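Below are the chains, spelled out letter by letter.
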Amino acid sequence: MAGALTTQTQYETVIGLEVHVQLKTQTKLFCACSTQFGVEQNQNTCPICLGMPGVLPVLNRQAVEYGILAGLALNCGIALITKFDRKQYFYPDLPKGYQISQYDLPVCHDGYLEIMGQKIRILRAHLEEDAGKLVHAGAAGLAGSTHSLVDLNRAGVPLLEIVSQPDMRSSEQARLYAETLRNIVRYLGVCDGNLEEGSMRVEANVSIRPLGSETYGTKTELKNMNSFRSIQKAIDYEVARQTELIDSGERVIQESRLWNEATGTTASMRSKEEAHDYRYFPDPDLRPLEISPEWVERIRQAMPELPLQRLNRLQEEFGLSEYDASVLVELKELGDFFDEAVEHTSHYKALTNWLMGDITAYLKNNHKNLEDTRLTPKNLALMVQMVDSNQISSAIAKKILPDLIETGTAPDMLVKEKGLIQNSDESQIQQICQQVIVENAEEVAAFRSGKEKLFGFFVGQVMKASRGTANPEVVNRLMRELLKG
Amino acid sequence: MITEETVLHVAKLARLELTPEETHRYAQELSKILHLVDELADLDLSSSTLELVPEHPTLFREDKQTWNFDRQDLLSNTPEEENGFFRVPKILDEGN
Ligand SMILES: [Zn+2]
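Small disclaimer: the values here were computed from a predicted structure and weren't measured. (Residues numbered from 1 in each chain as written. Chains lettered and ligands numbered in written order. Predicted model: local features only at pLDDT ≥ 70, side-chain atom pairs only at ≥ 80, totals over all residues. Heavy atoms only, no water.)

Trainee: Describe unusual backbone geometry, naming the residues involved and giving the relevant values.
Mentor: Look at M116 of chain A: it is not a glycine, yet its phi comes out positive at around 50°. With phi around 55°, N83 of chain B is a residue other than glycine that occupies positive phi space. Along the chain, N83 of chain B falls in the loop between β2 (81–82) and β3 (85–89). (Helix = DSSP H or I, 4+ residues; strand = E, 2+ residues; numbered from the N terminus.)

Now the structure itself:
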């Protein structure tokens, strides 16, 4: 070859994601069992989801509606006719021996999401039922354990599987796609989007190919990523592994691989090839489903605000920076809180700072979610107003914040209770200043001989003596006058 | 044509054990059935539209929990139960 270059081949990463989101219905997809989390094993089961002979599934309207809603938000077309198919495989968490899913006529098709300025096409989104859960009793995973325990509370819970085209080109883009999807389903209220608890599950199809190549390389399917960070890490690991294989003349084997968070590696699941022969066929127990354009239109009309719309609105309506707006969008509860608080104050920037700064820090330190506290949007807005009108200093506001968060008491009440109302009385402040000067003669001398940095020390002493209530502006002014001597 | 290999493959998927005689017989019978179905492909359907249109509106269920079964009752058919779980032989290959 020309020049006989010894440089290594440049590869391009190709990623497609399959995302399962658990739809937040009250009951299962085909039976009236509760979907409630955390009840006793097999409490939420019935003859239908246990797969007993002679039972008939009946479709949950809400699940279909959630599926359509999500499809519309993902810019998908909605099928006029859709149907349910049986996907056969044997596993103890699947009592019927088949999963009711959708094969060739999914409820949603051909959508897209824009990630890092690029359109990521969505091939399809279809409804299906979840499987149960295997619990390994006692000596988990030990060679000696011969039995598994089956809990079928989750069997039959509705899922929407959202399948992208292999359009992503970096692990970062894949993580952003998953995060964007999570935000959308949370905004729609159709799913909690919790990777750790499994209400959202992400599988990544990863392959590499020489840069510029049109054909795809052999892909592997990565599973078991329990956080958005681990999605990115698992893909990075897998790309490095595949690159090493190909560079050393070996081949990538098409297989499923499990991500191991502890070791930071993926490992083959060695599942048998036959397992992928699912022998789909239409479920004769369920009629094809006609979806009227009128129904779709009604769902479209009732669609709540989406993350991207909120991002634009927060900037346009309240003049927030793109960064601030994106933080409020990312954490839906913060954004909801902001939207309520602006009913009570027009100091949008101050409100944002409190939410993104002290409040977020407090929640993080105390391992709490905003909705678990007693902080109300109105109380926070009132506090912002009090700071703005000089009723309290921001130091005092910080002081009462924990109580504002924990007790739900209005800020004016808290300030009164604690005797923390800002004091702007010049004669009182002057008295404190003079006392500080008398008590710190050495520092005063040092200051007057040029050590101007000490000014902050004096102000601090006055604030301390007044328990933070002295108006800092007044303290500054008076202290400066007095120190001039 | 359904070969004996195909029969064995499907039997394996369905966790069925077949004798060589059964395998041979099913290969022949299934081939005949498929052949019969193939004849349908010869029909001239150019003038008819075969659309998947349900004759009756889909029956929906509202999203309300309308029942609560007794767990012990539901578990009563299982050969082995443990503490409210179904107890099954451990699957070594955790794939899928
Ligand atoms: Zn059920």
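Having seen the structure, we can now continue with the description.
Trainee: Can you explain the environment of R124 of chain A? Please cite residues and give values.
Mentor: Residue and element names in this part refer to chain A. Among the structural elements, R124 can be located in strand β8 (residues 118–129). What makes R124 buried here is its relative accessible area of 17%. Dropping the residues within four chain positions of it, R124 is found in contact with Q102, Y103, P106, C108, H109, E161, I162 and V163. A distance of 3.2 Å separates a polar atom in the side chain of R124 from a polar atom in the side chain of H126. (Buried < 20%, exposed > 50% of the residue type's maximum accessible area, 1.4 Å probe, protein only. Contact = heavy atoms within 4.5 Å. Polar contact = N/O pair within 3.5 Å; in protein donor to acceptor, adjacent residues only side chain to side chain.)

Trainee: How would you explain the coordination of the zinc ion if you had to name every residue and give the values?
Mentor: Residue and element names in this part refer to chain A. Every protein donor of the zinc ion is listed here as C31 (SG), C33 (SG), C46 (SG) and C49 (SG), and their distances to the metal cover 2.3 to 2.4 Å. The site at the zinc ion holds 4 donor atoms, and with the angles between them running 97 to 114°, its shape is tetrahedral. Taken in sequence order, the residues that donate to the zinc ion follow the motif C-x1-C-x12-C-x2-C. Of this pair, C31 sits in the loop between β1 (11–22) and β2 (59–60) while C49 sits in the loop between β1 and β2, placing them 18 residues apart in sequence. (Donors = N, O, S within 2.8 Å, 3.2 Å for Na, K, Ca; no water. Tetrahedral: all angles 85-135°; square planar, octahedral: opposite > 155°, others 65-115°.)

Trainee: Describe the domain arrangement of chain A, listing the residues and the values that go with them.
Mentor: Residues and elements named next belong to chain A. For chain A, the assigned domains are domain 1 (11–296), domain 2 (305–418) and domain 3 (426–484). When each unit is reduced to the centre of its C-alpha atoms, the spacing between domain 2 and domain 3 is 32 Å. Each partner contributes to the interface: domain 2 provides 5 residues, whereas domain 3 provides 6 residues. When domain 2 packs against domain 3, the two sides together hide about 380 Å² of surface, and 41% of this comes from carbon and sulfur. Across the contact surface, domain 2 and domain 3 share 0 salt bridges. Between the two partners, domain 2 and domain 3, sit 2 residue pairs in polar contact (both at pLDDT 80 or more). Residue composition of the side of domain 2 that touches domain 3, by class: 1 nonpolar, 2 polar and 2 charged. (Domains from an automatic or database assignment. Buried area = accessible area lost by both parts, 1.4 Å probe. Salt bridge = Lys/Arg side-chain N within 4 Å of Asp/Glu carboxyl O. Nonpolar A, V, L, I, M, F, W, Y, C, P; charged D, E, K, R; others polar.)

Trainee: Explain the pattern of salt bridges to me, using residue names and the numbers behind them.
Mentor: If the charged atoms of two oppositely charged side chains come close together, the side chains can form a pair. Residues and elements named next belong to chain A. Taken as a whole and judged by the stated rule, the model has 36 salt bridges over all chains. Note that R121 is salt-bridged to D167, the shortest N-O span being 2.7 Å. Here R121, found in strand β8, pairs with D167, found in the loop between β11 (158–164) and α2 (171–188); they are 46 residues apart in sequence, far enough to count as distant. Across the pair E238 and R257 runs a salt bridge whose closest N-O atoms are separated by 3.5 Å. Of this pair, E238 sits in helix α3 (residues 228–247) while R257 sits in strand β14 (residues 256–260); the two residues are 19 residues apart in sequence, bridging distant segments of the chain. A single salt-bridge network, built from bridges that share partners, covers E305, R310, R313, K332, D336 and D339.

Trainee: Tell me about the nonpolar core, and name the residues and values.
Mentor: Within soluble globular proteins, side chains that are nonpolar generally end up buried alongside one another. All names here are of chain A. Membership of the largest hydrophobic core comes to 63 residues, with the highest contact counts inside it found for L17, V21, I68, L160, I162, Y177 and I235. It is helix α1 (residues 61–73) that provides the largest number of residues to this core, a total of 8 residues. Residue contacts for Y177: discarding those within four places in its chain leaves L17, V19, L113, I115, I120, I122, I162, S164 and M168. Judged by nonpolar contacts, the second largest core, of 36 residues, contains V342, L380, A381 and I396. (Core = buried A, V, L, I, M, F, W, Y, C linked by side-chain atoms within 4.5 Å.)

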